[in-house]
Amino acid sequence: MHLYLHIPFCKQACHYCDFHFSTRLGQKSALVDALCAEISLQREYLPSRTLETIYFGGGTPSLLTEAELQRIFAAIQTHFTVSPTAEITLEANPDDLNREKLTMLRAYVNRLSIGIQTFDEATLRWMNRAHTATEAETCVRLAREAGFDNMSVDLIYGIPNRDAALWQLDLQKVLALDVPHLSAYALTIEPDTAFGRWEKKGKIPHADENIAAEQFEELTKALRGANYDHYEISNFAKPDQYARHNSAYWQRRPYLGVGPSAHSYNGHSRQYNLANNSRYMAEIGHGALPATVEKLTVADQVNEYLLTGLRTRWGCSLTELNGLLVSDFAEKQARDLTAMYATGWLIRVGDRLLLTEAGKLFADRVAATLFVEE
């Protein structure tokens, strides 16, 4: 089973970020108390109480103090059993990762996901990131010295009005660091962000999909040449270094999400916590679960599997699709499958539907074409 904890605090707001967070750090300790209380309230949610992965996301979980981490782990260990081989990941910003902080974190977690985004100073300032280009490189070396052999780095590509050579430099630098895992995402400008408001006013250009596609192809070529497995569209790893927690999401494993805006999935329904810190804490304080539950229909489950599964190197199992539908998926969707095969974006290999290299640029379109209706 898998546990996600949303830590909704940041030092400052990145101009592209559409996740739920607050820069009012004075609420942090009280929210940690509420999160611990929610762990108790949700202790029966998962089919098993043995945790194979724990993931601290956000926000910026590296803002947590040791006392706050101790409280969270005490709550987890009261209500769950943590497997001795559990993957325990914490998202971190480079500016938080000094030697002292890394030594403390290593006592609690065994994997870091570091939000570098770019190694270019000017782009970091434009994005309103809190760290410097020097910190972006230094933190990886410091993390290794602290004993973090298992770590991931995030990069962003498809940034408008940016010299294309800077993306090549980012790739060269991340490969030189030889991290075991890389997540890379095309910049998406969401309406309710600083970038979204600036784009609407014409202060910044629209993101160019063609540039993003070119840089994605450069990314896949560079990582393949460095012997990384491209195991999910945005994720690359050395063999045996795949993110076990995220892989559980993509393979429809049950997981519990606690904290404001966190999502959970138990195989039959999804639930979504309030994305409001004060209201979340008030509800938890009254012993209520601040979540909306959505019962998943057969079509919901099939379509979610298509949307996530096709993004991975494992693709979608026709046996699993048939089991969900209680009918033959390939027969039901024969016309659409034939059309997708003809595009060269999708192939069938034995029991599995897989995207081709070309198809990885059109994953959502392929999945949507194959969606079923009730």
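For the structure, see preceding data.
Residues numbered from 1 in each chain as written. Predicted model: local features only at pLDDT ≥ 70, side-chain atom pairs only at ≥ 80, totals over all residues. Heavy atoms only, no water.

**Some details on helix α11 (residues 298-309)**
A rise of 1.5 Å per residue sets the reference length of α11, with its twelve residues, at 16 Å; its end C-alpha atoms lie 16 Å apart and thus fit the reference within 8%. Along α11, the residues that are buried comprise A299, Q301, V302, N303, Y305, L306 and G309. (Helix = DSSP H or I, 4+ residues; strand = E, 2+ residues; numbered from the N terminus. Expected span 1.5 Å × (residues − 1). Buried < 20%, exposed > 50% of the residue type's maximum accessible area, 1.4 Å probe, protein only.)

**A look at unusual backbone geometry**
Omega for the peptide link from G58 to G59 comes to 15°, which places this bond in the cis form. Backbone geometry places D178, a non-glycine residue, at a positive phi of 55°. Structurally, the position occupied by D178 is in the loop between α6 (164-177) and β6 (181-186). Although it is not a glycine, N227 adopts a positive phi angle of roughly 70°. Mapped onto the secondary structure, N227 falls in the loop between α8 (209-225) and β7 (229-232). Residue classification places N227 among the exposed positions, given a relative accessible area of 58%.

**As for the sheet that holds strand β13 (residues 316-317)**
What the three strands build is an open sheet, ordered β13-β15-β14; its pairing is antiparallel. Looking at which strands have only one partner, the edges of the open sheet turn out to be β13 and β14 (346-349). With two bridges connecting them, β13 and strand β15 (residues 352-355) associate as antiparallel partners. Within β15, the position partnered with C316 by the bridge is L353. (Pairing = 2+ DSSP bridges.)

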